[in-house]
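# Coordinate analysis (summary)
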Amino acid sequence: MRKKRGAISPTGSVHWSETMAVEFVRTICPYCGTGCGLILEVRDGIAVATHPDRDHPVAKGHLCIKGWTAHEFVHHTERLTAPLVKRGDGFEKISWNKAIALAVRKLGEVADMYGGSAIGGFSSAKCTNEENYLFQKLIRAGFGTNNVDHCARL
Amino acid sequence: MREERSPMLEEVKRLAKTALQEQRVEGVLGLKKDVGNVIQPHIFERSDDLDALVLEPKWLFAKLAMKILRVSDTGYRLAVVCRGCDERAIVELVKRNQIAENSIMTIGIACGDAQAAACLCERPYPENIAAGEKKQGVDPFNDERVRQFLVGDTSERVARWLRVLRRCIKCYGCRNSCPICICEPCKLEDDTWVPKGVIPAEMMCFHLIRAFHLSDTCVACGACQDACPVGIPLLNLQLSMRRTLTEKFCYEAGIDRERKSPILRNFFDEEEKGRDIPDWVSSLE
Amino acid sequence: MTDVRVYLCRCFSEVDRTVDLERIQERLLQNASVASSTIVDSLCLDSDIQRVAAEIKESGAERVVIAACSTMGRGDSVIEGLAEEGVDRFAIHLIDIREGCAWIHQDEPEGATFKAWNLIDMGVSLVAKKDRSDDVTIRVRPEVLIIGAGPAGLAAAVMVAKLGYTVHCLDRAAHPGGMLRFISRSYPNDEDAVLKLAPYLDEIHNNARIAFYPQARVETVTGFAGNFTVRFSSGGQERWIRPGAIIIATGAMVYLPHGLYRYGETQNIITQMELERRLQSESDSIQNAVFVQCVGARIPERPYCSTICCPASIKNAMRIVEKNPDARVSIVHRDIMMPGSILEDYYRRAMLQGVQFVRYRDDMLPAIKGYEQVRAVEVHDSITGTTRVLDADLVVLSTPLVPNPDNRYLADMLGLQCDRYGFFREIYPLHPLETRMEGIFICGSARWPVSSDQAIVQGEAAAMKVISLLGKGEVAASSFSRVPGQKFGHATVNPDRCTGCGNCVAVCPFDACTLQEIEEKYTYISRVNKMRCKACGNCVAVCLNGAMQVPEHNYRAVVEMIKRAF
Amino acid sequence: MVEETTVREPKILIFACRWCGLIGADGAGKKRMSLPANFRIIPVECAAFVETDAIIRALASGSDGVIVMGCHVGGCRFNDANHAAIKRLELFQVLLEATAIGKERLLISFGTAHEGHQFSDVIQNYTTVLRELPPIDPWISTLSVRR
């Protein structure tokens, strides 16, 4: 739906602008491996509601509490958008390069000192399959431990 | 799909097209079949787009229409392709001041026998039928699936209810999909009423509060039980109350546009069958 | 966490006999809200109240729970006493552990102790969680609107004006006086109705405080007790006034018995009102008259007794006999209703003057004899069991007063209720002039058919009711209580939660809730008029997401009480 | 401390209207009648104050039955506030019956509590009724916040 900008003109014709105000976007729930179909209601470019997808072969219009609220984290103010490092009581934003370097250094120290089994990995359902594969590979092949899990292992 | 060539669909398309061309409405809310046979709701604003309009599956637009009209500018008028239950829900939302009456137009379609039987719908047709034939409704109380929950031996029914309600995963899908649950925030999210961190949901707190909040507004669309991932027959909670309101007060949610729910009125304004107000009460009048 | 101070009253061991207060005191310490608990021997002596009030003030406790007797016992006076000593009444909560626990569970001391502990625990959680609703105070407008200028309305107007308030008096007719203008004499004093009316009319026309508006019709009424806004038209002109109170004195109408006793078909069959007109002219003399009582009254569709027709018939019968001592007058009645010593005496006088009384039964109605002209009335005398034919050249039908058809229109506008016939309904029989809306009073035949004397009495009484409101100068919303004492609170809307569904508006018995449109969006929120709200809580119960709350009894407190009940 | 003795008795929570129900209870107390200590009274301003949600919450927090006591129809201190309340509560009984919890769990006692002996009759009769009913425990989740 196009949102009308400005009023109706004296002649009665309506002026339109080309911004879409409400549209529906079909997608897949990112939370777990089930992959239920979602239809996101997007208003002015912001996801505001989730509707179950009746046509979806997996969920057939059913969702769980996480699916129903799948739109909430997208624009959540507390969503992490950059790596943070803990300094004292608070967190501080740092660049990806620095963050990766820090993680490599610290994890390497732990692995050197206590062995690979001192490290465990916990992956997220919000990552893609490929990312999850790489993650478990890092833990299994890199650190040499089986301590890896995933939030949607169910 | 089989529905595409049906005369009902053609009629709906024609009506929607005329409404758009005559500028009676600025948008038509309906289901659109996109590339790859993907069906999703869409607001048709150009009459050429309407070729992609489809009617199946059953989709309730009432709450969606309310939200769209809230964010749209004043004066925006929306036509909604709606079934009987959807139209009743729209009427209820209009009665509850959620939709301005002059901003919404309904294009009512009557459901077929198969759909009526699947929904156990008493009125599978809107009051204003634009397309389709009015089919006889089904009495849900004749159906064994309903009767086993509502009629008969108490201990068996208790066991049956407990069995289904224990499956609840508290997804709030029943509330989210309901076309007339409009409260924001909802009482069901309040720890005072519904204890948090309890799954299955506290049976009485969650289900009875939800059921009674809809007692006089439920239009029996069945969206709650369609959305329930664990198949709780949630509509059964409403049916007895709906039946009571119909029998005692001749009131059915979504039919009468003017009348307020009888449980909000006093005895003098509202006739009630089977209740004798003692004479001395009238003498106090 | 709110600090709650608990007082447990032994009531000179009335409570202590069954309930183990020491154990309760011990267990109360588990409740984090309880700052201290004290056991006292008694609370209702003046010295106790002074001591406890001083302690409370000294300790600085925010809330106090008093576990003692019931409000009907000494509880109320204890709270009153503490409030007089300067303790905030809102902060005190009384729990009944004597009548409601110790006395009623004497055989079960264990259970009683447990119950008392539960009750006190519940009370503590209530006081800890309750909030205060805002009170508003308004200045009362020193003006009164009186709808109707019959005897009741005029009496009220004169009385209110005498006490120094401005009166706006409306009437549908062009002249004040109401039905009394068309009546020859009023009973029981046989006083000329015109003379009876004269002092009032004099006052209406000459008193600067009274404004009379003829040919008026009320268009809209908004507002609340102390400050109404009324739009009305008078003589084609629109006017606005803002009275502080409204008196309804719309009176009643005479029932026209079309289709009964050949009324309107045969000559010389007239109603009582038409007879009054004839009697106003002195020259007319009547020979044989028959009065038929209860025409269209005390029948299934109008079962009430209009109360004024019997005295009026007897009065007019005597008047006919007075004018023409040879006249033969009969009153055909179902029962003669003459209450009170004065009217009974009146009845006797009529019998002595030769007025004949014949009783008929409601299943054997009198019949009119004669075609174009009335000749006689045939009546079955239920006392002697014989049929009698009473010669008549005039038949007077005594018809009841029926409600003014405009009553329903007014009632809808003002939020009042009419009874099943259409008379205004008072709030309780105990408060006969008060209506369900504060600040609106009814009097005279608007509420029930009455004689002009009674109408004047009621009008003056209503005037006193009005003055008791206006005389306050300013009123607080909390003072508008339905029952003695202060109002419990007001419903309060949380605008963030309100969806504007209108349930509260539909259910409110006082029309206190209204919907307010929010600009630029098609959304409403509910607003509560605190002056009208009586805190019955109906809106709270129907509000689906808890936007409507009475802070003194909010849902968090209620649920906490429920959880702690057992 | 005494929970063991009271656990067998059905627990009754009463929402009593301050002007009728509560005065009835008070009357019973004044006459020193002997009643089982299995009921607790929450005074409310009017029977209309009682939300059905609160009744649900009461049943879920361990009360076996709930009584709503109010004034007679027509005798309500708040005009006709209790009319809507009666309709609402009766509709709620329909829901209780539909879910097989049993409409007996809610007793609407309008205008029966003006006198002390009537109050005691209501309590005693209702206690007998509740004893006959199947336990409500299965309806309450084990994790519920029952004390």
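The residue numbering used here restarts from 1 in each chain and proceeds along that chain's sequence as written. Here every chain gets a letter starting at A, and every ligand a number starting at 1, in the order they are written. The predicted origin of the model limits local features to residues at a pLDDT of at least 70 and limits the giving and counting of side-chain atom pairs to 80 or more, whereas totals for whole chains, interfaces and linings rest on all residues. Working from all heavy atoms in the structure, the side-chain values ignore hydrogens and water.

### A short note on the overall build of chain A
Within chain A, the regular secondary structure consists of three helices and nine strands. Along chain A, helices (α) and strands (β) appear in the sequence β-β-β-β-β-α-β-β-α-β-α-β when read from the amino end. Using a 1.4 Å probe on the protein chains alone, a residue whose accessible area is under 20% of its type maximum counts as buried, one over 50% counts as exposed, and one in between counts as partly exposed. In chain A, buried positions account for 33% of the 154 residues. A contact between two residues is defined here by any heavy atoms of the two lying within 4.5 Å. In chain A, 33% of the contacts between residues at least 6 apart in sequence involve partners at least 24 apart. Under the convention used here, a 1.4 Å probe and the Shrake-Rupley method define accessible areas, while residue burial counts only the protein chains that appear. Surface summary for chain A: the accessible area is close to 9900 Å², and the carbon and sulfur share equals 57%. Think of it this way: any DSSP run of H or I at least four residues long counts as a helix, any run of E at least two long counts as a strand, and we number them from the N terminus.

### Description of the pairing of strand β4 (residues 92-96) of chain C
All names here are of chain C. Most of β4 sits out of view: four of its five residues are buried. Any two strands between which DSSP finds at least two bridges are classified as paired. Here strand β3 (residues 63-68) pairs with β4 via five bridges, running parallel. Each residue of the ladder has a partner; that of Val 64, found in β4, is Ile 92. We call a crossover right-handed when, viewed with both strands directed away from the observer, the connection leading from the first strand over the helix to the second proceeds clockwise. In this view, the connection linking β3 to its parallel neighbour β4 by way of helix α3 (residues 71-84) has right-handed handedness.

### Describing the pattern of salt bridges
Take a side-chain nitrogen of Lys or Arg and a carboxyl oxygen of Asp or Glu: if they are within 4 Å of each other, that pair is a salt bridge. Across all of its chains, the model carries 60 salt bridges over all chains by this definition. A salt bridge links Glu 92 of chain B to Lys 95 of chain B, with the shortest nitrogen-to-oxygen separation between them at 3.2 Å. Note that Glu 92 of chain B and Lys 95 of chain B are positioned in helix α3 (residues 84-95) at a spacing of three residues, about one turn of the helix. Judged by its relative accessible area of 14%, Lys 95 of chain B is buried. Ionic pairing is found between Asp 16 of chain C and Arg 10 of chain C, a salt bridge with its closest N-O pair at 2.6 Å. On the basis of relative accessible area, Asp 16 of chain C is assigned to the partly exposed category, the value being 23%. Through salt bridges with shared partners, a single ionic network connects Glu 122, Arg 123, Glu 127, Asp 139, Arg 242, Arg 243 and Glu 252 of chain B.

### A look at the sheet that holds strand β1 (residues 4-9) of chain C
Backbone hydrogen bonds hold the strands of a sheet together, and the pairing may be parallel or antiparallel. Residue and element names in this part refer to chain C. Spatial ordering of the open sheet is given by β2-β1-β3-β4, a layout of four strands whose pairing is parallel. Of all strands in the sheet, those bounded by a partner on one side alone are β2 (34-40) and β4. On average, each strand axis in the sheet is inclined to that of its neighbour by 20°, with strand direction left out of account. Sheet analysis places β1 next to β3, joined by five bridges and oriented parallel. Bridging across to β3, Tyr 7 finds its partner in Ile 66. Contacts between helix α1 (residues 21-28) and the sheet are confined to β1 and β2, with β2 contributing the most and set at about 170° to the helix. Lines fitted to C-alpha atoms define the axes here, with helix axes fitted over just the stretch in contact, and angles between the N-to-C directions of these axes take values from 0 to 180 degrees.

### Thoughts on the packing of helix α3 (residues 52-60) of chain D against helix α4 (residues 81-98) of chain D
Residues and elements named next belong to chain D. Look at α3 against α4: their axes get within 11 Å of each other, and the N-to-C directions meet at 40°. The angle between α3 and α4 places the two elements in the oblique class. Seen along the crossing, α3 lies across α4 with a hand that is right-handed. Contacts from Thr 52, Ile 55, Ile 56 and Leu 59 in α3 reach Arg 88, Leu 89, Phe 92 and Leu 96 in α4. Among the residues making up the contact of α3 with α4, the classes are represented as six nonpolar, one polar and one charged. Between 65 and 115 degrees an angle is taken as roughly perpendicular, under 35 as roughly parallel, over 145 as roughly antiparallel, and anywhere else as oblique. Whether a crossing is left-handed or right-handed is set by the direction in which the near helix is turned from the far one by less than a right angle, anticlockwise for left-handed and clockwise for right-handed. Residues were grouped as follows: Ala, Val, Leu, Ile, Met, Phe, Trp, Tyr, Cys and Pro as nonpolar; Asp, Glu, Lys and Arg as charged; and all remaining residues, including Gly, as polar.

### A short note on helix α6 (residues 151-162) of chain C
All names here are of chain C. For α6, built from twelve residues, the straight-helix expectation of 16 Å at 1.5 Å per residue is met to within 8% by its first-to-last C-alpha distance of 16 Å. Extensive coverage of α6 is indicated by the burial of ten of its twelve residues. All buried positions along α6 are accounted for by Pro 151, Ala 152, Gly 153, Leu 154, Ala 155, Ala 156, Ala 157, Val 158, Val 160 and Ala 161. On the buried face of α6, the contacting elements are β6 (143-147), β7 (166-170), α7 (193-206), β10 (210-213), β14 (245-248) and α12 (452-470). For a helix, the expected span equals 1.5 Å multiplied by the residue count minus one.

### A short note on the nonpolar core
What is meant by a nonpolar core is a set of buried Ala, Val, Leu, Ile, Met, Phe, Trp, Tyr and Cys residues, joined one to another through side-chain atoms within 4.5 Å. Met 204 of chain B, Ile 66, Ile 120 and Met 548 of chain C together with Phe 15 and Trp 139 of chain D are the most contacted members of the largest nonpolar core, which has 195 residues in total. Ranked by the residues each element gives to this core, the list is headed by helix α5 (residues 109-129) of chain C, at eleven residues. Leaving out residues up to four positions away in the same chain, Met 204 of chain B has contacts with Ile 209 of chain B together with Ile 56, Leu 59, Ala 60, Ile 101, Ile 136, Trp 139 and Ile 140 of chain D. Of all hydrophobic cores here, the second largest spans 46 residues; its members include Ile 146, Val 160, Tyr 165 and Val 466 of chain C.

### A closer look at the interface of chain D and chain B
Many structure descriptions define interface size as the accessible area lost when the parts assemble. Taken together, the contact pairs 36 residues of chain D with 47 residues of chain B. Here chain D packs against chain B, burying approximately 3500 Å² in sum over the two surfaces, 70% of which is carbon and sulfur. Buried area: the sum, over both parts, of the accessible surface (1.4 Å probe) that disappears when the two are put together. Taken as a group, Lys 87, Leu 91 and Trp 139 of chain D account for 21% of the area that chain D buries against chain B, more than any other trio of residues on that side. Summed over the shared surface of chain D and chain B, the result is three salt bridges. As a salt-bridge pair, Lys 248 of chain B and Glu 90 of chain D come within 3.4 Å of each other at their nearest N and O atoms. Nitrogen and oxygen atoms within 3.5 Å of one another constitute a polar contact, given that in protein one can donate a hydrogen and the other can accept it, and given that sequence-neighbouring residues count only through two side-chain atoms. Linking chain D with chain B are eleven residue pairs in polar contact (both at pLDDT 80 or more). At the level of elements, α3 and α4 of chain D are the ones that each hand at least two residues to the side of chain D that touches chain B.

### Comments concerning the interface of chain D and chain C
Contact with chain D, which involves 51 residues of that partner, is made by 54 residues of chain C. For the pair chain D and chain C, the two sides together bury roughly 4600 Å², of which 62% comes from carbon and sulfur. Our enumeration of links across chain D and chain C arrives at two salt bridges. Its salt-bridge partner being Glu 14 of chain C, residue Arg 32 of chain D comes within 3.4 Å of it at the nearest N-O pair. The interface formed by chain D and chain C holds 14 residue pairs in polar contact (both at pLDDT 80 or more) in total. Of all the secondary-structure elements, those providing two or more residues to the side of chain D that touches chain C are α1 (3-6), β1 (12-17), α2 (21-30), β2 (39-44), α3 and α4 of chain D.

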